[in-house]
Each structure stands twice: as structure tokens, then as C-alpha cells.
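Residues per chain are reported as follows:
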Amino acid sequence: MAIDAFVKPLLKLEIFQGLKPLQITEIARRAYRVVYKPGDLILQENEDGDSAIVIVSGDAVRIAGPAMGDPAENIPAGSLLGEMAMLIETRHSSTIIARGPVRALRIMREEVHAQMAEDSDLADHFLRRITARLSNVLDELRAIDDTLAADVPLPPSTAGQSVLSAGPHLH
């Protein structure tokens with residue numbers, strides 16, 4: 001497959017939006033091309049991750065993980081799996097297997113780190129993306145906190161404190 005076939009799915013992914021075409025092409029060039037056969041394990045829940053996986057073609061299914069319902073969840077082409085593992089040490093939260101033949105890109109953390117060392121704009125881009133996401137999560141937690149505070153009267157010893165800050169502090 002030509003490099004364009006691997007660049008195209010990256011262009012659609014939110015975490016890569018705003019990068020220069022040359023940066024995205026370099027990410028695709030450094031990525032490993034992987035072919036999974038039906039039933040092959042793509043990600044394993046609770047295992048250490050060292051890469052993200054972009055499903056280029058074919059489809060996969062999530063068979064275990066948080067908020068897992070019945071039946072298993074379809075993972076279509078164009079999906080990015082284990083995204084944070086290409087940036088930081090983390091454990092996968094789900095188990096995903098190939099439903100049929102799957103072509104994918106495996107974006108290794110060590111390759112992304114090497115590219116960021118050569119291109120500080122790339123490192124800044126990922127820092128901005130992750131910071132924005134964490135800010136959104138914090139906003140959502142505050143909204144939940146506000147909802148809980150409005151619905152549940154707090155004991156007098158914690159009055160005036162948020163639900164998030166009223167609990168025990170772990171250091």
C-alpha cells in the first residue's frame with residue numbers, strides 16, 4: 001500500500017488535526033504496518049501499552065472493558081485505539097480483537113518521542129491537545145460536583161466544600 005493510504009486515516013483523527021502534512025506523513029512513515037487475522041488480539045485489557053493502533057481497513061470488536069454492554073462493540077475502520085499509549089506509559093482499558101482481516105498502523109511511543117525530540121512543534125501540538133482534553137474532563141467533573149452538591153446536603157463538617165474536595169486526601 002502507498003504511504004497515502006496510511007496518511008489518509010490519520011488526517012481524520014482529532015489528535016492529529018492541526019499538524020502539518022509533513023508531520024503526519026512522518027508519523028505514518030515511522031509506524032509499523034500490521035495485518036491482523038480474524039480472531040487476533042489487537043489490544044488486551046490491563047496490559048501495558050507501548051503504541052496506538054489506527055484501524056486502516058477491516059473491522060474489529062471490543063469484547064471487554066469499561067461500560068461494556070452486550071453485544072460486543074463494533075470498532076470500524078478509521079478508529080484510533082490506545083491513543084495515550086503512543087505518548088505516555090499507560091495500561092489498555094479494553095480488549096479488542098479483529099472481527100475479520102484488519103490492516104492497521106501501529107504508532108510506537110518510542111518513535112513518537114523520537115519525532116518530538118526532532119520537532120518541538122509536534123511536542124507542543126500533543127501537549128496542547130492533551131491539556132485541552134484534561135481541561136474538558138475537569139469541567140465535566142465540576143459539573144457533576146455541582147449537580148451532586150445541589151442534590152445532596154453535605155454534613156455540617158464539610159459544608160462549603162465541594163464533593164470532590166470534601167473526601168480524604170491521599171498524597
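Below: a short report on this structure. (Residues numbered from 1 in each chain as written. Predicted model: local features only at pLDDT ≥ 70, side-chain atom pairs only at ≥ 80, totals over all residues. Heavy atoms only, no water.)

**Comments concerning the sheet that holds strand 9 (residues 95-98)**
- Taken in spatial order, the four strands make up an open sheet running 2-9-5-6, and their pairing is antiparallel. Where the open sheet ends on each side, the last strands, each with one partner, are strand 2 (41-43) and strand 6 (73-75). Direction aside, neighbouring strands of the sheet carry axes that sit 35° apart on average.
- Alignment of strand 5 (residues 60-64) against strand 6, held across three bridges, turns out to be antiparallel. (Pairing = 2+ DSSP bridges. Helix = DSSP H or I, 4+ residues; strand = E, 2+ residues; numbered from the N terminus. Axes fitted to C-alpha atoms, helices over the stretch in contact; angles between N-to-C directions.)

**Regarding the pairing of strand 9**
- Both strand 2 and strand 9 contribute to a ladder of two bridges, which runs antiparallel. The residue of strand 9 that forms the bridge with L43 is I96.
- By the bridge criterion, four bridges tie strand 5 to strand 9 in an arrangement that is antiparallel. Its bridge partner being in strand 9, A64 is matched across the sheet by T95.

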